[in-house]
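The residues making up each chain are set out below.
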Amino acid sequence: MASLDRVKVLVLGDSGVGKSSLVHLICQNQVLGNPSWTVGCSVDVRVQDYKEGTPEEKTFYIELWDVGGSVGSASSIKSTRAVFYNSVNGIILVHDLTNKKSSQNLYRWSMEALNKDSSPTGVIVSNGDYDREQFVESTVPLLLIGTKFDQIPENKRSDVLTRTAFLSEDFNAEEINLDCTNPRYFAAGTSNAVKLSRFFDKTLSGKIGHSSTIFHRTGKRY
Amino acid sequence: CCFFTNFTVSLYFCFQVRQYVVQVVFSVTFAFSCTMFELIIFEILGALSSTSRYFHWKLNLYVILLVLIFVVPFYIGYFVVSNIRLLHRQRLLFACMVWFTFMYFFWKLGDPFPILSPKHGILSIEQLISRVGVIGVTLMALLSGFGAVNCPYTYMSYFLRNVTESDILALERRLLQTMDMIVSKKKRIAMTRRQMYQRGEDQNKQTGFWGMIKSVTSTQTGSENLSLIQQEVDALEELSRQLFLETVDLQGTKERIEYSKTFQGKYFNFLGYFFSIYCVWKIFMVKFWSQHISFILVGIIIVTSIRGLLITLTKFFYAISSSKSSNVIVLVLAQIMGMYFVSSVLLMRMSMPLEYRSIVTEVLGELQFNFYHRWFDVIFLVSALSSILFLYLAHKQAPEKHMTL
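Residues numbered from 1 in each chain as written. Chains lettered and ligands numbered in written order. Predicted model: local features only at pLDDT ≥ 70, side-chain atom pairs only at ≥ 80, totals over all residues. Heavy atoms only, no water.

The name that an unreviewed UniProt entry assigns to chain B is G protein-coupled receptor 89B, with the source organism given as Fundulus heteroclitus. In the Sequence similarities (unreviewed entry) part of its UniProt record, chain B is described as follows: "Belongs to the Golgi pH regulator (TC 1.A.38) family." UniProt, in the comment section headed Subcellular location (unreviewed entry), describes chain B in these words: "Membrane". (UniProt positions renumbered as here; feature names shortened; annotations may be inferred.)

Under an unreviewed UniProt entry, chain A has the name Rab-like protein 3 and belongs to Fundulus heteroclitus. UniProt, in the comment section headed Sequence similarities (unreviewed entry), describes chain A in these words: "Belongs to the small GTPase superfamily. Rab family." In its Function (unreviewed entry) section, the UniProt record describing chain A reads: "Required for KRAS signaling regulation and modulation of cell proliferation. Regulator of KRAS prenylation, and probably prenylation of other small GTPases. Required for lymphocyte development and function. Not required for myeloid cell development."

Okay, structure coming up:
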């Protein structure tokens, strides 16, 4: 029933955006009752049915590695964190919709995880240094999740959604905006649940190497 | 003018705090504290006229005392009480009660200390400052005692343990192995849960007496297993956290070793020896042979300790903040910071050359400054000795920990 291979998905983002709550919601289908500061890395496992409904259906375990910390951490913390970034099959980037800085820091997070961090001193790298070309070569699927959606007042929602649309275009990733304390966002059949399943299928197919789901990233938006 | 720059800087500090009120209170405290130091510098440089300096001193002092004694404790009480769900309805009432308790203990604090002469009234400036001063001076002495011992210990290469690349790699391997074990156990839990869920569905189809008995027995052993594995997972997660922190510690030490081999590192190493000698001298001797040199040195120590304090406070804030308690923490930090600044002004008077002491004495009234100096020295000595003991024990324990790897 279970594949012997390991499928690893990193969950990255600034501290306090809600990564632990999100991982708990994805894996246990329950809201996390007592969120606390993540020290180091916490792992949880999601049971995913690959190609559900088809004759090739197989059950896999996807490991979600929730790495704690911030982009401005001391370099000793960063070098220790780097051991978690080996052999990654997918990355979920989490940002807080009410905090613009957490969205901007996602560029640095993705660079750090893909071992392309060029400024180890802790200075926030501005948008201009981010190079889309580097992400074209990478074959790791990305997913963008914005949290604390319920805390945005109605009149500001369209601005926030435009901003996240630009972000998802930059990362060439799908985006989901939700509130981690409300399980109905991932209820079966919602578009969010479909996007999440699609992302996990991409990670699994990347791992298995099925030719039918090869994922073209070149020449898309230039 | 300086006030507003300080205000904006401190506002930037607080971008993580949600409540507007907390941001404002913290910024005001920080701004007025910094303005006090600027006033001392103006005093020495002779900038602005003396009457305007006097006016600004008085204004600053009143505002700071108002904030430290009335505003901040009240808001701390208010936010703590709001976090407790039972008392949520009568927040204001309980916050006022907490504040009155605080004022009672604050007042009682003054009794055992020979701080002031009985001719002053109850709500005079001297009464309030003396109490704030006692708390602040204690805090400062504790921090400087620890800093005086910790600073040379951290930066002098004599104390740096020898860390090799293989030590770090071994620890990292253990960390990853622990994570793998956590993952495999969580997979078992997920598999068991899924099986139980599927079997539960099948069980629902079975009706009757035997069906009920079967469902009860099977789920019981299932959930017993689950709780056992869950306990193992919790223990392993705690272990992984400890391993992570140990690895961070080793990496930090290795980086410090590399840094000490560079020129900058050697320069700071020399400074470390110099300052440690000065701190030892300060611990064991009481009289200064030159007022001006000691003033400059104390100024440097205070500036670096304030910088260190702010850095430690921000690290501490990041480490323990959560959405519920961040307000309380920021306010507590504002309170500590304000008291720290007020008492450092009191203590700086000790090291200032005679001609500049006059305005400080004039503004702060007739406080028994000698008492503060002696109190500071006593607490400094106690703190330094206990931190020496603590660091010695920690240093001895650490090599044994790594020998078991």
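Colleague: What exactly am I supposed to notice about the interface of chain B and chain A here?
Modeller: Interfaces are often sized by the accessible area lost when the parts come together. Taken together, the contacts link 27 residues of chain B with 27 residues of chain A. Both faces combined, the contact of chain B with chain A buries some 2500 Å², and carbon together with sulfur accounts for 62% of it. The three residues of chain B that bury the most area against chain A are Lys 187, Arg 194 and Phe 244 of chain B, which together make up 23% of that side's buried surface. Here chain B and chain A share 1 salt bridge between them. The partner of Glu 63 of chain A in a salt bridge is Lys 187 of chain B, and the shortest N-O contact between them spans 3.5 Å. There are 3 residue pairs in polar contact (both at pLDDT 80 or more) connecting chain B and chain A. The dominant element in the side of chain B that touches chain A, judged by the number of residues it contributes, is helix H6 (residues 165-205) of chain B, at 12 residues. Residues belonging to the side of chain B that touches chain A are distributed by class as follows: 12 nonpolar, 5 polar and 10 charged. (Contact = heavy atoms within 4.5 Å. Buried area = accessible area lost by both parts, 1.4 Å probe. Salt bridge = Lys/Arg side-chain N within 4 Å of Asp/Glu carboxyl O. Polar contact = N/O pair within 3.5 Å; in protein donor to acceptor, adjacent residues only side chain to side chain. Helix = DSSP H or I, 4+ residues; strand = E, 2+ residues; numbered from the N terminus. Nonpolar A, V, L, I, M, F, W, Y, C, P; charged D, E, K, R; others polar.)

Colleague: What am I meant to see in the environment of Thr 139 of chain A here?
Modeller: Here Thr 139 of chain A shows up in the loop between helix H4 (132-137) and strand E5 (142-147). Placed 50 residues apart in sequence, Thr 139 of chain A and Asn 89 of chain A show a C-alpha to C-alpha distance of 8.7 Å.

Colleague: What should I look at first to understand the packing of aromatic side chains in this one?
Modeller: Each aromatic ring pair is specified by the distance between its two centres and by the angle formed by the two planes. Following the criterion strictly, the structure yields 4 aromatic pairs over all chains and no others. On the numbers, 6.0 Å between centres and 55° between planes, the contact of Trp 65 of chain A with Phe 84 of chain A is tilted. Taken together, the positions of Trp 65 of chain A in strand E3 (residues 58-67) and Phe 84 of chain A in the loop between helix H2 (75-81) and strand E4 (90-96) put the pair 19 residues apart, joining distant regions of the chain. On the basis of relative accessibility, which here comes to 2%, the residue Trp 65 of chain A falls in the buried class. Between the aromatic rings of Tyr 107 of chain A and Phe 171 of chain A, the centroid separation amounts to 5.2 Å while the plane-to-plane angle is 25°, which identifies the pairing as stacked. Taken as a pair, Tyr 107 of chain A in helix H3 (residues 100-113) and Phe 171 of chain A in helix H5 (residues 157-171) lie far apart in primary sequence, 64 residues in all. Relative accessible area serves as the criterion here: at 10%, Tyr 107 of chain A is assigned to the buried category. For Phe 171 of chain A, a relative accessible area of 1% translates into the label buried. Feature note: the residues Trp 65 and Phe 84 of chain A together with Phe 244 of chain B constitute an aromatic cluster, connected by ring pairs. Taking the ring centre of Phe 149 of chain A as reference, the NZ or CZ of Arg 157 of chain A above it sits at 4.7 Å. (Phe/Tyr/Trp six-rings, centres within 6.5 Å; stacked < 30°, edge-to-face > 60°. Buried < 20%, exposed > 50% of the residue type's maximum accessible area, 1.4 Å probe, protein only. Lys NZ or Arg CZ within 6 Å of the ring centre and 35° of its normal.)

Colleague: What am I meant to see in the sheet that holds strand E1 (residues 7-12) of chain A here?
Modeller: Within a sheet, each strand pairs with its neighbour through backbone hydrogen bonds, oriented either parallel or antiparallel. Residues and elements named next belong to chain A. In spatial order, the strands read E2-E3-E1-E4-E5-E6; together these 6 strands make up an open sheet with mixed pairing. Edge positions in the open sheet fall to strand E2 (41-50) and strand E6 (174-177), since each of these has one partner strand only. Shown here is a sheet whose adjacent strand axes are inclined to one another by a mean of 25°, direction ignored. The pairing of E1 with E4 spans 4 bridges and is classified as parallel. Paired with Val 11 across the two strands is Ile 92, which belongs to E4. Its contacts with the sheet place H3 against E1, E4 and E5, and it is angled at close to 160° to E4. (Pairing = 2+ DSSP bridges. Axes fitted to C-alpha atoms, helices over the stretch in contact; angles between N-to-C directions.)

Colleague: Would you explain the pairing of E4 of chain A in this entry?
Modeller: All names here are of chain A. Taken across its 7 residues, E4 has 7 buried, putting it largely inside the fold. A two-sided burial pattern is seen for E4, the buried positions comprising Gly 90, Ile 92, Val 94 and Asp 96 on one face and Ile 91, Leu 93 and His 95 on the other. Strand direction decides the pairing type here: E4 and E5, joined by 6 bridges, are parallel. Paired with His 95 across the two strands is Gly 146, which belongs to E5.

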